[in-house]
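Descriptive structure summary
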Amino acid sequence: MKYRTSKVESYDFLAAGSVLYSAPGIPNFPVRLGNEIFNRCLGHYGTGNSIRLYDPCCGGGYLLTTIALLNGKSISHIFASDIDTRALKWARKNLSLLSMDGINARKRQLTELFQTYGKDSHRSSLLHIERLMSLVTDDDFDISVECFQYDILNNSGSFTSETDIIITDVPYGNLVQWSQESGIDKMLEQLKKTMHKDSIIAIIHDKYQKRTNQDYKRLEKFKVGKRVTEILKLK
Ligand SMILES: C[S@@+](CC[C@H](N)C(=O)[O-])C[C@H]1O[C@@H](n2cnc3c(N)ncnc32)[C@H](O)[C@@H]1O
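Residues numbered from 1 in each chain as written. Predicted model: local features only at pLDDT ≥ 70, side-chain atom pairs only at ≥ 80, totals over all residues. Heavy atoms only, no water.

Details of the pattern of salt bridges
What counts is decided by this rule: What counts as a salt bridge is simple: a side-chain nitrogen of Lys or Arg found within 4 Å of a carboxyl oxygen of Asp or Glu. Counting from the N terminus, the helices are the DSSP runs of H or I reaching at least four residues and the strands are the DSSP runs of E reaching at least two. Each residue is placed in one exposure class: buried if its accessible area under a 1.4 Å probe, protein chains only, is under 20% of its type's maximum, exposed if it is over 50%, and partly exposed if it falls in between.
Scanning the model with the defined rule gives 15 salt bridges in all. As a salt-bridge pair, lysine 233 and aspartate 198 come within 3.9 Å of each other at their nearest N and O atoms. Placement of lysine 233 in strand β7 (residues 227-234) and of aspartate 198 in strand β5 (residues 195-205) is noted, with a sequence separation of 35 residues between them. Among the residues examined, aspartate 198 registers a relative accessible area of 30% and is labelled partly exposed. Close ionic contact of arginine 218 with glutamate 230 constitutes a salt bridge, the shortest N to O distance being 3.5 Å. A residue pair is termed long-range when its members are at least 10 positions apart, and arginine 218 in strand β6 (residues 216-224) and glutamate 230 in strand β7 qualify at 12 residues.

Here you go:
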């Protein structure tokens, strides 16, 4: 896959464990790839304003938070859900970095760590946080966030808010599993409740998981390393 929309630049300031939070057992996602996927979805959606973005398997919220920091001007709402309450604890922390309150709290924590231990890693985190601040204080950066526990495979799920772009990195590794078998088709069925006719969805999975749900047409498919991305729209 050739990157078309995501520039070659250093994303060190978004590294997991620097300013963004990371925890054992909570997966992350390559920043440049996430940014490329979002921008391809925007291209298919047709407009880059006031996007309501949803990740139904948000894990620790790393993918959503990095996309939002890099594309804040295009996004008005973020919906983040996961079945796992432990992952959601980290998602709330990461997504708090989309507001100055969250950034200031993280800055106080990192300053205290630097004063106590004097580590170079904390010094660089304090430099990285300045980059985040400059993004979040931009006049056009104003994102409302809803983060909640939700089983996306449950037929009686009641999340029905309309969303424009859905990006989700489904379970495929040893680190995290689907809560039940054949997740992708069932998830696509449930996601119809939150989509309108122009909504775009990008699912990232591995080569072993196949989509057989025929209610969607495929706009793009590409592979980077072990990750297969499919960009879809309702037929
Ligand atoms: C690969 S991880 C997502 C990582 C995330 N993209 C990030 O950047 O932090 C997949 C997530 O799917 C969640 N999951 C598994 N079954 C689920 C279900 N039935 N409903 C919602 N989430 C589910 C897992 O708890 C896990 O957090």
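Quick look at the pairing of strand β4 (residues 163-169)
What counts, and what does not: Strands pair, by our definition, only if DSSP identifies at least two bridges between them.
For β4, the tally of buried residues reaches seven of seven residues, placing the bulk of the element in the interior. Pairing of strand β1 (residues 51-55) with β4, which is carried by two bridges, proceeds in the parallel orientation. Pairing of tyrosine 54 across the sheet is with isoleucine 166, part of β4. Bridge count for β4 against β5 is six bridges, and the pairing is parallel. Paired with isoleucine 165 across the two strands is isoleucine 200, which belongs to β5.

Description of helix α4 (residues 100-117)
Counted only if it meets this: For a helix, the expected span equals 1.5 Å multiplied by the number of residues minus one. Here, the arc refers to the directions that run from the helix axis to the C-beta atoms. We call two residues in contact when some of their heavy atoms are within 4.5 Å.
Relative to the 26 Å expected for 18 residues at 1.5 Å per residue, α4 spans 25 Å between its end C-alpha atoms, a close match to the ideal helical length. What α4 keeps buried is the set Gly102, Ile103, Arg106 and Leu110. In an axial view of α4, the angular spread of the buried residues amounts to 90°, which keeps them on one side of the axis. In α4, those exposed residues whose orientation departs by more than 90 degrees from the buried face are Asp101, Arg108, Glu112, Gln115 and Thr116. Those residues of α4 that are buried lie in contact with α3 (85-96) and α5 (120-136). Two residues or fewer after α4 comes glycine 118, characterised by a positive phi angle close to 60°.

Notes on the environment of isoleucine 129
Of note, isoleucine 129 is situated in helix α5. Through-space distance from the C-alpha of isoleucine 129 to that of valine 19 is 6.2 Å; in sequence the pair is 110 residues apart. Setting aside chain neighbours within four positions, we find isoleucine 129 in contact with Val19, Ile103, Arg106, Lys107 and Leu110.

Observations regarding unusual backbone geometry
The phi torsion at serine 50 lies on the positive side, around 50°, for a residue other than glycine. Tracing the backbone through its elements, the reader meets serine 50 in the loop between α1 (31-45) and β1. With a relative accessible area of 48%, serine 50 lands in the partly exposed category.

Observations concerning the pairing of β6
Two faces belong to every sheet, and in a regular strand the side chains alternate between them. Both β6 and β7 contribute to a ladder of eight bridges, which runs antiparallel. Note that in β7 the partner of lysine 223 across the bridge is valine 228. The turn linking β6 back onto β7 is made up of two residues, and glycine 225 within it adopts a positive phi angle of 60°.

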